Amino acid sequence: MSPPDSRSSQPEWWRTGVVYQIYPRSFRDSTGDGLGDLAGIMEHLDHLDGARPGSLGIDAIWLSPIYPSPDFDFGYDVADYLEIDPRYGTLDDFQRFVEACHGRGIKVLLDLVLNHSSHRHPWFQASRSSRTGPYADWYIWRDSPGRTLLGRRRPPNNWRSWFGGSAWAWDEARGQFYMHTFLPEQPDLNWRNPDVRKALLDVVRTWLERGVDGFRLDVFNVFFKDAALRSNPRQVGRRGVWSWQRHLHDRNQPELNELLAELRGVVDEQPGRMTVGELFDGSIAQAASYFAPQHLVFDFLFITVPWSAAAFRKAIATREAAFGPERWPTNVLSNHDQPRHASRFEVAGGSGVGGVGDARAKVAAAVLLTLRGTAFLYYAEEIAQRNLVVPNSEAFDPPARRASLLFRWWNRDQARGPMAWGGGPGGGFTTGKPWLPLPPDADVRNVRAQAADPESVLAWYGRLLRLRRDTPVLHAGAQELVEPGDRDVLAYIRRIDGAAGLVLLNFASRPAIIRVPVPTTGRTWRISLSTHPRGPDETLAPSVTLAPLEALIATES
Ligand code: NOJ
């Protein structure tokens, strides 16, 4: 085993580092039941730690939820915050996992789902059983204000569920409505109750004591709702029922700032710990407003940009304007909720291994890993794994099964396909029947095949990650967009302590002749890395021709 790596013992690792998101159901199944598990992830730490050629070299793993869950929302409905779902392993397995990761210099981040629990959580069971018992006020309960003309009970206000329908569900047992931002099986916890607040902060403390290095906070900006539960004002919206109201009162309440400060205090009790908040349906300005040292916020700008240098340039400029030089952003191209970016950036007929789609995936990886900000990779993006094609009628994803003209939804199963480790049945993911099918091209697009190919997407990720790690200007520098004279080329300079890095990315499938920014007096731009053959230590002339879909990184010397 390699010695712990010094990079992740830096207190600022959460800024400079790279986080790798694992969707545990789909990473590696060690038991043959078709679902991934902790022991399976441990089998593949070599792929992640960067100790050997062909290994990525990431700084932290973020595990999507591994708590016991009835899986109405695949782990995002937690039935016990302090246990491990037996399908993934035991608490002892988890402790072994944390030790193994730490031994390799990898941090471990857990996904904390604190806005809502599962309806099967004992807290909710107790809460629905009595209006006066100790858990009565742990969720958001209200009487019905009356009946409609058709005799149906009216909900307490007009709030909607993100997963379709009203945000209120009637509970016969208690004879009241309870609120759910997501599924009825995910009742929202009442953060205004001091007992709830204490219990949830104790959950945070317990996992920190168990050695966890930080948390991804699921939909943290929804924790508080308006105390008086006022209805949202209506508006004309074009994106289905959700957009027909301004979400003024069901999220982003002022009380959140004080809670975040308290939460950070708890996390900061132990050095080097961090959180990254998932901003739910919010603006870039809101994302920036919630940033604080040791607390990153996702803004997801790059999750929706189309394949165009101009669109990326605009998104980067918007982000930099909102965050300013002091706040530290995050960079994300894919996650478990969105289509995989290798599919988003696909070209008809270009999906074969080594085709145009893969060339674009390499350019995208260069953006992700050289832009200012903490980079988040999503498992299997390093082999440019594509979306699965799963019709809504066969979806596991609950909102996909309810999709309609008024409630538009995409099927999130598409992004959750099993990781293709090798060829053959099960693709090295499982010896059994995988819970979702492997991608149809898994026999040729897999980790084993790409590890043996120096021109593969995987090999490119490895080279980029190494360069980022070894080059302070790339992991910590300030950033400035430059105009290279071709609208299909995205270009920016990173600077720190007198050092400079230049990133040139040709989004077009044709060569591009560009102006190279003038280097600091007395220095030249020396090529550190390119997707295309370039001479060792080649320097850049004032005008350079980039190959089609070339990503080139140079540093001053
Ligand atoms: C955001 C998570 O990313 C998503 O997967 C989940 O369905 C909702 N939060 C509800 O927890």
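Just so you know, these numbers come straight off a predicted model, no measurement behind them.

(A) Fine view of the packing of helix α6 (residues 194-209) against helix α7 (residues 255-268). It is at 10 Å that the axes of α6 and α7 come closest, and there the two elements cross at 30°. With respect to their mutual orientation, α6 and α7 come out roughly parallel. The two elements α6 and α7 cross, and the hand of that crossing is right-handed. Contacts from R197, L201, V204, R205 and L208 of α6 reach α7 at E258, L259, E262, L263, V266 and V267. In the contact of α6 with α7, the residues fall into seven nonpolar, no polar and four charged.

(B) Structural detail: the sheet that holds strand β4 (residues 141-142). Overall, antiparallel pairing links the three strands, which are arranged β4-β6-β5 in an open sheet. The sheet is open, and its two edges are formed by β4 and β5 (168-171), each paired on a single side. Where β4 lies against strand β6 (residues 176-179), two bridges are found, and the strand directions are antiparallel. Residue W141 lies in a different strand from β6, and its bridge partner there is Y178.

(C) Structural detail: the site of the ligand. Taken together, 13 residues form the shell around the ligand, and within it D73, H116, D218, H336 and D337 come nearest. H116 places a side-chain nitrogen or oxygen 2.9 Å from an oxygen atom of the ligand. At 2.8 Å, a side-chain N or O of H336 approaches an oxygen atom of the ligand. Protein chains shield 97% of the accessible area of the ligand, which is 290 Å² for the free molecule. Because more than half of its atoms lie within 2 Å of the grid, the ligand is assigned to the largest pocket.

(D) Fine view of the environment of R264. Looking at where R264 falls in the secondary structure, it is placed in helix α7. The exposure class assigned to R264 is partly exposed, which follows from its relative accessible area of 21%. Taking the C-alpha atoms as reference points, R264 and A292, 28 residues apart in sequence, are found 9.0 Å from one another. In contact with R264, other than residues within four places in its own chain, are A292, P293 and H295.

(E) The packing of aromatic side chains, seen in detail. Counting across every chain of the model gives 41 aromatic pairs. Between W191 and F223, the ring centres sit 4.9 Å apart and the planes meet at 5°, which makes this aromatic pair stacked. With W191 in the loop between β6 and α6 and F223 in the loop between β7 (214-217) and α7, the pair connects residues that are 32 residues apart, well separated along the chain. What makes W191 buried here is its relative accessible area of 3%. Exposure remark for F223: the relative accessible area of 3% places this residue in the buried category. With 6.5 Å between their ring centres and 75° between their planes, W307 and F312 make a pair best called edge-to-face. Classification of W307 as buried rests on a relative accessible area of 14%. Across the ring face of Y379, the terminal group of R340 is positioned such that the distance to the ring centre comes to 4.7 Å.

(F) Spotlight on the side chain of H47. On the secondary structure map, H47 appears in helix α3 (residues 45-48). Filtering out sequence-adjacent residues up to four positions away, H47 remains in contact with Y20, S55, L56, E382, M419, W421, V447 and L458.

(G) Spatial organisation of the sheet that holds strand β11 (residues 374-378). Pairing is parallel across the open sheet formed by eight strands, whose spatial order is β9-β8-β7-β3-β2-β1-β11-β10. Sheet topology places β9 (295-298) and β10 (330-332) at the edges, where each strand pairs with a single neighbour. Neighbour-to-neighbour, the strand axes of this sheet turn through a mean angle of 25°, independent of strand direction. Pairing analysis gives four bridges linking β7 to strand β8 (residues 274-278), with the strands arranged parallel. Pairing of R216 across the sheet is with V276, part of β8. Packing against the sheet, helix α4 (residues 91-103) makes contact with β2 (60-63) and β3 (107-112), and its axis sits at approximately 135° to β3.

(H) A look at unusual backbone geometry. The backbone of L229 sits at a positive phi, close to 50°, despite the residue not being glycine. According to the relative accessible area criterion, L229 is buried, its value standing at 10%. Even without glycine at this site, F300 takes up a positive phi of about 60°.

(I) Just empty space enclosed by the protein, in detail. One pass over the structure, following the stated rule, counts one cavity of 30 Å³ or more. Every residue along the wall of the largest cavity is listed here: Q21, W62, F298, F300, V332, S334, N335, F376 and L377. Classifying every residue of the lining of the largest cavity by side-chain character gives six nonpolar, three polar and no charged.

(J) Inspection of the confidence of the model for the protein at higher detail. Of the residues in the protein, 98% have a pLDDT of 70 or more, and the chain-wide mean is 95. The model gives residues 1-7 a pLDDT under 50, and that stretch makes 17 contacts with residues more than four places away or in other chains.

Cut-off values and rules
- Residues numbered from 1 in each chain as written.
- Predicted model: local features only at pLDDT ≥ 70, side-chain atom pairs only at ≥ 80, totals over all residues.
- Heavy atoms only, no water.
- Axes fitted to C-alpha atoms, helices over the stretch in contact; angles between N-to-C directions.
- Helix = DSSP H or I, 4+ residues; strand = E, 2+ residues; numbered from the N terminus.
- Parallel < 35°, antiparallel > 145°, perpendicular 65-115°, else oblique.
- Left-handed = near helix turned anticlockwise from the far one by under 90°.
- Contact = heavy atoms within 4.5 Å.
- Nonpolar A, V, L, I, M, F, W, Y, C, P; charged D, E, K, R; others polar.
- Pairing = 2+ DSSP bridges.
- Near = heavy atom within 4 Å.
- Polar contact = N/O pair within 3.5 Å; in protein donor to acceptor, adjacent residues only side chain to side chain.
- Areas by Shrake-Rupley, 256 points an atom, 1.4 Å probe, with all protein chains shown as cover.
- 1 Å grid on protein atoms, 1.4 Å probe; cavity = no way out; pocket = protein on both sides within 12 Å on 5 of 7 lines; lining within 4 Å.
- Sits in = over half its atoms within 2 Å of the grid points.
- Buried < 20%, exposed > 50% of the residue type's maximum accessible area, 1.4 Å probe, protein only.
- Phe/Tyr/Trp six-rings, centres within 6.5 Å; stacked < 30°, edge-to-face > 60°.
- Lys NZ or Arg CZ within 6 Å of the ring centre and 35° of its normal.
- Points joined across faces, edges and corners; volume = space filled by probe spheres on them.
- pLDDT = per-residue confidence, 0-100.

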